[in-house]
Amino acid sequence: MNKLFTLPPQRPTTQAAEGLPRWCWTVAEIERLAATGFFSEYDRFELLGGEIVPMSPKGRRHEIVREELTFRFTKLAPPGIFVAAEPQFNLSRDTYTVPDILIRPAAIKTPDLRGGDALLVVEVADTSLSYDLKSKVPLYALHGIPEYLVINALTLMTTVHLRPTGKTYDVIEELPPDARLGTWRNRLRYRSTNSPSTEAAYIDL
Amino acid sequence: MNERFTLPPRRPTTQAAEGLPRWRWTVAEIERLAATGFFNEYDQFELLGGEIVPMMSPAGRRHETIRIKLAHRMGRLAREDVIVAEEPQFNLSPDTFLKPDILVHLDTIETYDLQGRDALLVVEVAETSLDYDLKTKLSLYASHGVREYWVINAVTRVTTVHRQPTGNVYAATEEVPPEVRLVPSLAPELAISLNALTLD
């Protein structure tokens, strides 16, 4: 008789050593560990400043918004533009994130992509809203990601971040999901009032 | 010609993900990593609730002198069946191990298999880590049932003696100056005053 399949239990997280200086991993080391089969496919995490931060399982709403948006971006992408879904985005020697959507020039493969080369990073947030808005904003800004969207999966409000300056962005705008921003059923389109002039590099959404 | 020996670069520490829920390692996994040759001998660390916390290195002259001489003297005073272990890996739980400066226990159990309550005495010598030893480590030792825990201030040579673990604190705490004999309640034959050690 077949054995009943059960998912391995979610690895518990920890903050036991909060306030103490902790071990710092590099992207290369994590990749070495992964290559030796150390992690299972259920172990999804980002590496932030050398620290392994597990990703929480995503809710239904999150997944629907992410999927639909990825699909539409992919169909809209002109030649020369690549839409990457949940890629490992290496920002530095000890940091990588796994954004929901990463849009980049097709000529630069994701592992070689530097922050400043990326065109657009999109995070869909349900329970992780404050995390995506707070922790990730300085990270993406410091690495020069020119445009960063955080879409609230519940309300479909989008926070647009443009023009990275130090640890933040010069332009931060909240856009509602109405005339300017279609719902996930329609094409996502927006036009920010302060768009940089290098539109040629951007998908016309 | 011999290749020049260079130390591997000192690994930096991080607090980049402070406030975020982080990956929890188990003792077993860390040992698997170690077995594959992942760590080098300069990577000295403890595992606190699944988090890798590097140890201060070097520990400091005063720290080392007290640790070495105290362990040496205790070793000579100890009965045949009492182990005085220096900087052993003390596995407190599936996701925690510490490396106390001195750990005293009966020979009936391997150091590796000890549980908190099996320890007769744990000693930490603190030069720069006083706060860490008095707070973080104290609550770990207490909550895992270590019945007697000393923290020796390497600068003043005053020892804080903790007994009666209750929850994650000790009910009985006593400050003992270096001229007074420290008497481990579970191994009184190891009684010693720090001044009696030739520390200078």
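The structure contained in this document is the topic of the report that follows. (Residues numbered from 1 in each chain as written. Chains lettered and ligands numbered in written order. Predicted model: local features only at pLDDT ≥ 70, side-chain atom pairs only at ≥ 80, totals over all residues. Heavy atoms only, no water.)

## Digging into the overall build of chain A
Helix and strand content of chain A: four helices and twelve strands. Within chain A, contacts between residues at least 6 apart in sequence are counted, and of these 52% link residues at least 24 apart. With the model as given, the accessible surface of chain A reaches about 10600 Å², and the carbon-plus-sulfur share is 55%. (Helix = DSSP H or I, 4+ residues; strand = E, 2+ residues; numbered from the N terminus. Contact = heavy atoms within 4.5 Å. Areas by Shrake-Rupley, 256 points an atom, 1.4 Å probe, with all protein chains shown as cover.)

## Brief notes about the interface of chain B and chain A
On the chain A side, the residues contacting the 31 residues of chain B number 31 residues. Summed over the three residues of chain B that lose the most area to chain A, namely R22(B), W23(B) and F38(B), the buried surface amounts to 24% of that side. Scanning the region where chain B abuts chain A turns up 22 residue pairs in polar contact (both at pLDDT 80 or more). Contributing elements (two or more residues each) for the side of chain B that touches chain A: β1 (13-14), β2 (22-23), α1 (27-35), β3 (45-48) and β4 (51-54) of chain B. With four residues, the single largest contributor to the side of chain B that touches chain A is β4(B). Here the side of chain B that touches chain A is built from residues that sort into 16 nonpolar, seven polar and eight charged. Where strand β1 (residues 13-14) of chain A and β2(B) come together, two bridges link them in antiparallel fashion. Across the sheet, residue T14(A) finds its bridge partner in β2(B), namely R22(B). (Buried area = accessible area lost by both parts, 1.4 Å probe. Polar contact = N/O pair within 3.5 Å; in protein donor to acceptor, adjacent residues only side chain to side chain. Nonpolar A, V, L, I, M, F, W, Y, C, P; charged D, E, K, R; others polar. Pairing = 2+ DSSP bridges.)

## Comments concerning the pattern of salt bridges
The tally for this structure, following the rule as stated, stands at 28 salt bridges over all chains. For R11(A), the salt bridge goes to D43(A), with nearest N and O atoms at 3.8 Å. Highlighted residues: R11(A) in the segment before β1 and D43(A) in the loop between α1 (27-35) and β3 (45-48), separated in sequence by 32 residues. When the shortest N-O distance is used, the salt bridge between E29(A) and R11(B) registers 2.7 Å. Of this pair, E29(A) sits in helix α1 while R11(B) sits in the segment before β1, placing the two residues on different chains. (Salt bridge = Lys/Arg side-chain N within 4 Å of Asp/Glu carboxyl O.)

## Here we look at the sheet that holds strand β8 (residues 101-105) of chain A
Residue and element names in this part refer to chain A. Pairing within the open sheet is mixed, and its six strands lie in the order β5-β8-β9-β10-β11-β12. Edge positions in the sheet fall to β5 (81-85) and β12 (168-175), since each has one partner strand and no second. For this sheet the average axis-to-axis angle between neighbouring strands, irrespective of direction, equals 15°. The strands that helix α2 (residues 60-76) touches are β5, β8, β9 (120-125) and β10 (147-152); relative to β9, the one it contacts most, it runs at about 155°. (Axes fitted to C-alpha atoms, helices over the stretch in contact; angles between N-to-C directions.)

## Let's talk about the side chain of T14(B)
Relative to the helices and strands, T14(B) is located in strand β1. Using a relative accessible area of 8% as the deciding quantity, one classes T14(B) as buried. Looking at T14(B), its side chain comes within polar contact range of the main-chain nitrogen of A16(B), at 3.0 Å. Those residues within four positions of T14(B) in sequence are excluded, and the remaining contacts are L20(A), P21(A), R22(A), W23(A), C24(A), G49(A), G50(A) and E51(A). (Buried < 20%, exposed > 50% of the residue type's maximum accessible area, 1.4 Å probe, protein only.)

## Quick look at the pairing of β3(A)
Residues and elements named next belong to chain A. On β3, burial covers both faces: F45 and L47 on one face and E46 and L48 on the other are all buried. Pairing of β3 with strand β4 (residues 51-54), which is carried by four bridges, proceeds in the antiparallel orientation. Looking across to β4, one finds that E46 is bridged to V53.

## Concerning a negative patch on the surface
Where like charges cluster on the molecular surface, the negative patch consists of E80(B), D107(B), E110(B) and D113(B). Position of E80(B) among the secondary structure elements: in the loop between α2 (61-77) and β5 (82-86). (Patch = residues over 30% accessible without salt bridge, like charges linked within 9 Å, V, L, I, M, F, W, Y side chains within 5 Å. Lys, Arg positive; Asp, Glu negative; His and termini not counted. Charge placed at Lys NZ, Arg CZ, Asp CG, Glu CD.)

## What about the packing of aromatic side chains?
Counted by the stated rule, this structure contains 19 aromatic pairs over all chains. Ring geometry for W23(A) and F39(B): centres 5.3 Å apart, planes at 85°, overall edge-to-face. On the criterion of chain membership, the pair formed by W23(A) in strand β2 (residues 22-23) and F39(B) in the loop between α1 and β3 is interchain, its members lying in two chains. On the basis of relative accessibility, which here comes to 4%, the residue W23(A) falls in the buried class. Taking relative accessible area as the criterion, F39(B) reaches 16% and is therefore assigned buried. A ring pair is formed by F45(A) and W23(B), whose centres lie 5.2 Å apart and whose planes are at 70°; its orientation type is edge-to-face. (Phe/Tyr/Trp six-rings, centres within 6.5 Å; stacked < 30°, edge-to-face > 60°.)

## A word on the layout of surface pockets
Approximately 1200 Å³ is the volume attributed to the largest pocket. Mapped by element, the contributors of at least two residues to the lining of the largest pocket are β4, α2, β9 (121-126) and α3 (130-134) of chain B. When residues in the lining of the largest pocket are grouped by element, the largest group, three residues, is from α2(B). Considering only enclosed or pocket space, the second largest pocket measures out at about 530 Å³ in volume. In terms of lining residues, the second largest pocket is bounded by 30 residues, among which Q10(A), R44(A), P54(A), M55(A) and S56(A) are the most central. Only β4, β9 and α3 (129-134) of chain A provide two or more residues apiece to the lining of the second largest pocket. The residue makeup of the lining of the second largest pocket, split by class, is 14 nonpolar, seven polar and nine charged. (1 Å grid on protein atoms, 1.4 Å probe; cavity = no way out; pocket = protein on both sides within 12 Å on 5 of 7 lines; lining within 4 Å. Points joined across faces, edges and corners; volume = space filled by probe spheres on them.)

## Description of unusual backbone geometry
Leave glycine aside and you will find that most residues have negative phi; peptide bonds, for their part, are mostly trans. All names here are of chain A. The phi dihedral of E86 falls on the positive side, at around 45°, and the residue is not glycine. Its location among the elements puts E86 in the loop between β5 and β6 (89-92). Judged by relative accessible area, E86 falls into the partly exposed class, the value being 27%. The phi dihedral of R163 falls on the positive side, at around 60°, and the residue is not glycine. Mapped onto the secondary structure, R163 falls in strand β11 (residues 158-165).

These figures capture arrangement, not role.
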